There are 2 protein chains.
Amino acid sequence: MTYSKNQIRRYPIYLKLFKKMLSEGKVVVSSPVIAKELGYSEEQIRKDLQAVSDEPGRPKRGRDLAKLVMTLENFLGYRNSTNAVLIGCGHLGWALLNYPNFVGMGLSIVAVFENDESKIGASVCGKEVFDIKDIKTLLPEFKAAIAIICVPSEAAQEVADLAIESGAKGIWNFAPTHLNAHEGIAIEDVNLASSLAVLSHRLNQQKE
Amino acid sequence: MTYSKNQIRRYPIYLKLFKKMLSEGKVVVSSPVIAKELGYSEEQIRKDLQAVSDEPGRPKRGRDLAKLVMTLENFLGYRNSTNAVLIGCGHLGWALLNYPNFVGMGLSIVAVFENDESKIGASVCGKEVFDIKDIKTLLPEFKAAIAIICVPSEAAQEVADLAIESGAKGIWNFAPTHLNAHEGIAIEDVNLASSLAVLSHRLNQQKE
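Residues numbered from 1 in each chain as written. Chains lettered and ligands numbered in written order. Predicted model: local features only at pLDDT ≥ 70, side-chain atom pairs only at ≥ 80, totals over all residues. Heavy atoms only, no water.

Novice: An account of the overall build of chain A is needed here, citing residue identities and associated values.
Specialist: A count of helices and strands for chain A gives 8 helices and 9 strands. Along the first, second and third principal axes, the C-alpha set of chain A runs to 60 × 45 × 35 Å. Relative to its 208 residues, chain A shows a buried fraction of 50%. Across chain A, every contact between residues at least 6 apart in sequence was considered, and the portion connecting residues at least 24 apart equals 57%. Of the roughly 10,200 Å² of accessible surface on chain A, a fraction of 51% belongs to carbon and sulfur atoms. (Helix = DSSP H or I, 4+ residues; strand = E, 2+ residues; numbered from the N terminus. Buried < 20%, exposed > 50% of the residue type's maximum accessible area, 1.4 Å probe, protein only. Contact = heavy atoms within 4.5 Å. Areas by Shrake-Rupley, 256 points an atom, 1.4 Å probe, with all protein chains shown as cover.)

Here you go:
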């Protein structure tokens, strides 16, 4: 089964909705209800859920919410834990360290790396801050598969290369720049400029 | 001309590259060079640039970098300024207020709204923090078209409704939840759970 990027992006949004409905005491959910809540087409919803679940939805009754939650949590890896290190503890890095939901998503940030000597050796949100120079020894010790990159864009490629050389298999890139890596490496960008461009474009369309 | 969301997301990434090349003293750029730098196909690059620029690229010589930068900055609205207010000054809100690049992208955060009385009346990064209760009077005074939502997900829909009632035309949503609004409102989500899901999925595919 192959999944499109946009499809995978929808699964955490379904999951959030289903957990909310469960907490409200609901037991089943149907595609029309999901369509109304999330604004996706019923056909898309059926395809998305069919792709992760063996169980067909029963047309009149809908799907079992608790089973859907379990299926999606498994699919998204929320029931496992992947270790990550965060590189660059500026404002954004600090905000991510304080983000309360990552553990529930199977992401465990185990250490922080910095090149700023005033930060090295300190502790941020309970994570020790290490010298970026030591990443080659430490990243394998931490069994970290993911490097979260929060450095300025000028430094991002260099830091990503270093993390990959140290054994990182995935890069979660918050620097507003494109990063290159060889094929076996997963790179996912959170590019605020791209997101703002989409919003601005829609705003301008409204004006026209 | 209609643009896909993914296409619009690519324009700031092109712009970043072209500005870097200009700063390195380069004058022209060709699709193969862009393809190598950004990993997009040459066909896609030609289509993307053709869609915003009247000028055809000359096959042997490439495109004029300075003109491309100007074209993209105009297309993305970086030469205008849109006022925004930020709602919810927690860790992430604070990081966004400290983000140095928004002004260069035509986004001007003019005020902050909070419901936490200990923060109201204070100043954060030079922006005054106002009581969310006063948003209906203040948002029109600030001529703010965009509300940046950084509140916890439970409060996000309520706060978005309030911003829209107060006159906001666009919602930049950083709360990890889906928001509903009527058709004339532009909503763009920065959903970290969706982004992490894409990264995790690719990491798992590597293991298989």
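Novice: So what's going on with the relation of the copies chain A and chain B? Which residues, and what values?
Specialist: Taken as rigid bodies, chain A and chain B are interconverted by a rotation of 180 degrees and an axial shift of 0.0 Å, the fit giving an RMSD of 0.0 Å. Taken together, the rotation and translation relating the two chain copies correspond to the operation of a two-fold axis. The rotation axis passes nearest to the C-alpha of A:Ala95 in chain A, at a distance of 3.1 Å. (Least-squares fit on C-alpha atoms with pLDDT ≥ 70 in both.)

Novice: Provide a residue-level description of the sheet that holds strand 6 (residues 127-131) of chain A, including the pertinent values.
Specialist: Sheet architecture is open: 7 strands sit in the order 5-6-4-3-7-8-9 (chain A), paired in mixed fashion. Pairing within the sheet leaves two strands with one partner each, and these edge strands are strand 5 (123-124) and strand 9 (186-189) of chain A. Judged from the 4 bridges that link them, strand 8 (residues 170-173) of chain A and strand 9 of chain A form a sheet pairing that is parallel. Within strand 9 of chain A, the position partnered with A:Gly170 by the bridge is A:Ala186. Running at roughly 165 degrees to strand 7 (residues 146-149) of chain A, helix 7 (residues 153-165) of chain A makes contact with strand 3 (82-87), strand 7 and strand 8 of chain A of the sheet. Docked against the sheet, helix 8 (residues 192-207) of chain B engages strand 4 (107-114), strand 7, strand 8 and strand 9 of chain A, running at close to 170 degrees with respect to strand 9 of chain A. (Pairing = 2+ DSSP bridges. Axes fitted to C-alpha atoms, helices over the stretch in contact; angles between N-to-C directions.)

Novice: If you had to explain the pairing of strand 8 of chain A to someone new, which residues and values would you point to?
Specialist: All names here are of chain A. Of the two faces of strand 8, both are covered, the one formed by Gly170 and Trp172 as well as the one formed by Ile171 and Asn173. Where strand 7 and strand 8 come together, 4 bridges link them in parallel fashion. The residue of strand 8 that forms the bridge with isoleucine 149 is asparagine 173. In this view, the connection linking strand 7 to its parallel neighbour strand 8 by way of helix 7 has right-handed handedness. (Right-handed = clockwise from strand over helix to strand, strands pointing away.)

Novice: Lay out the sheet that holds strand 9 (residues 186-189) of chain B in plain terms, naming residues and giving numbers.
Specialist: Residues and elements named next belong to chain B. Spatially, the 7 strands line up as an open sheet ordered 5-6-4-3-7-8-9, and their pairing is mixed. With one partner strand each, in any of the chains shown, strand 5 (123-124) and strand 9 form the two edges of the open sheet. By the bridge criterion, 3 bridges tie strand 4 (residues 107-114) to strand 6 (residues 127-131) in an arrangement that is parallel. The residue bridging valine 112 from the neighbouring strand is valine 129, located in strand 6.

Novice: Lay out the interface of chain A and chain B with the relevant residues and their values.
Specialist: By a widely used convention, the size of an interface equals the accessible area lost when the partners come together. With 58 residues of chain A in contact, the opposing surface of chain B contributes 58 residues. Each partner contributes to the roughly 5,100 Å² buried at the junction of chain A and chain B, and carbon and sulfur atoms together form 67% of this total. For A:Arg202, the salt bridge is made with B:Glu188, and the minimal N-O distance between the two is 3.7 Å. The interface formed by chain A and chain B contains 20 residue pairs in polar contact (both at pLDDT 80 or more). Contributions of two or more residues to the side of chain A that touches chain B are made by helix 1 (5-23), helix 2 (31-38), helix 5 (91-97), strand 8, strand 9 and helix 8 (192-207) of chain A. (Buried area = accessible area lost by both parts, 1.4 Å probe. Salt bridge = Lys/Arg side-chain N within 4 Å of Asp/Glu carboxyl O. Polar contact = N/O pair within 3.5 Å; in protein donor to acceptor, adjacent residues only side chain to side chain.)

Novice: How would you summarise the pattern of salt bridges if you had to cite specific residues and measurements?
Specialist: Side chains carrying opposite charge are able to pair once their charged atoms draw close together. Residues and elements named next belong to chain B. Under the definition given, this model contains 24 salt bridges over all chains. Across the pair aspartate 48 and arginine 10 runs a salt bridge whose closest N-O atoms are separated by 2.7 Å. Here aspartate 48 is found in helix 3 (residues 42-52), whereas its partner arginine 10 is found in helix 1 (residues 5-23), with 38 residues between them in sequence. A residue is classified by how much of its surface remains accessible, and aspartate 48, at 2% relative accessible area, is buried. The salt bridge partner of glutamate 24 is lysine 26, with a shortest N-O separation of 2.8 Å. A relative accessible area of 45% places glutamate 24 in the partly exposed class. On the accessibility criterion, lysine 26 (38% relative accessible area) is partly exposed.

Novice: So what's going on with the side chain of B:Arg10? Residues and values would help.
Specialist: We classify B:Arg10 as buried; its relative accessible area is 14%. Contact partners of B:Arg10, with chain neighbours within four places excluded, come to B:Tyr40, B:Gln44 and B:Asp48.

Novice: Explain the packing of helix 1 of chain A against helix 8 of chain B to me, and be specific about the residues and the numbers.
Specialist: At a minimum axis separation of 8 Å, helix 1 of chain A and helix 8 of chain B run at an interaxial angle of 125 degrees. On the basis of their axis angle, the class for helix 1 of chain A and helix 8 of chain B is oblique. Judged by the sense of rotation from one axis to the other, the crossing of helix 1 of chain A with helix 8 of chain B is right-handed. Note on element contacts: helix 8 of chain B touches helix 1 of chain A through B:Ala193, B:Ser194, B:Ser195, B:Ala197, B:Val198, B:His201 and B:Arg202, opposite A:Lys5, A:Ile8, A:Arg9, A:Pro12 and A:Ile13. Taken together, the residues that form the contact of helix 1 of chain A with helix 8 of chain B break down as 6 nonpolar, 3 polar and 3 charged. (Parallel < 35°, antiparallel > 145°, perpendicular 65-115°, else oblique. Left-handed = near helix turned anticlockwise from the far one by under 90°. Nonpolar A, V, L, I, M, F, W, Y, C, P; charged D, E, K, R; others polar.)

Novice: Pulling in residues and values, what's your account of the nonpolar core?
Specialist: Ranked by size, the top nonpolar core spans 106 residues in total, and within it A:Phe18, A:Ile148, A:Trp172, B:Phe18, B:Ile148 and B:Trp172 carry the most contacts. In contact with A:Ile148, not counting residues within four places along its chain, are A:Ala84, A:Val85, A:Leu86, A:Ile87, A:Leu96, A:Leu107, A:Ile109, A:Trp172 and A:Phe174. (Core = buried A, V, L, I, M, F, W, Y, C linked by side-chain atoms within 4.5 Å.)

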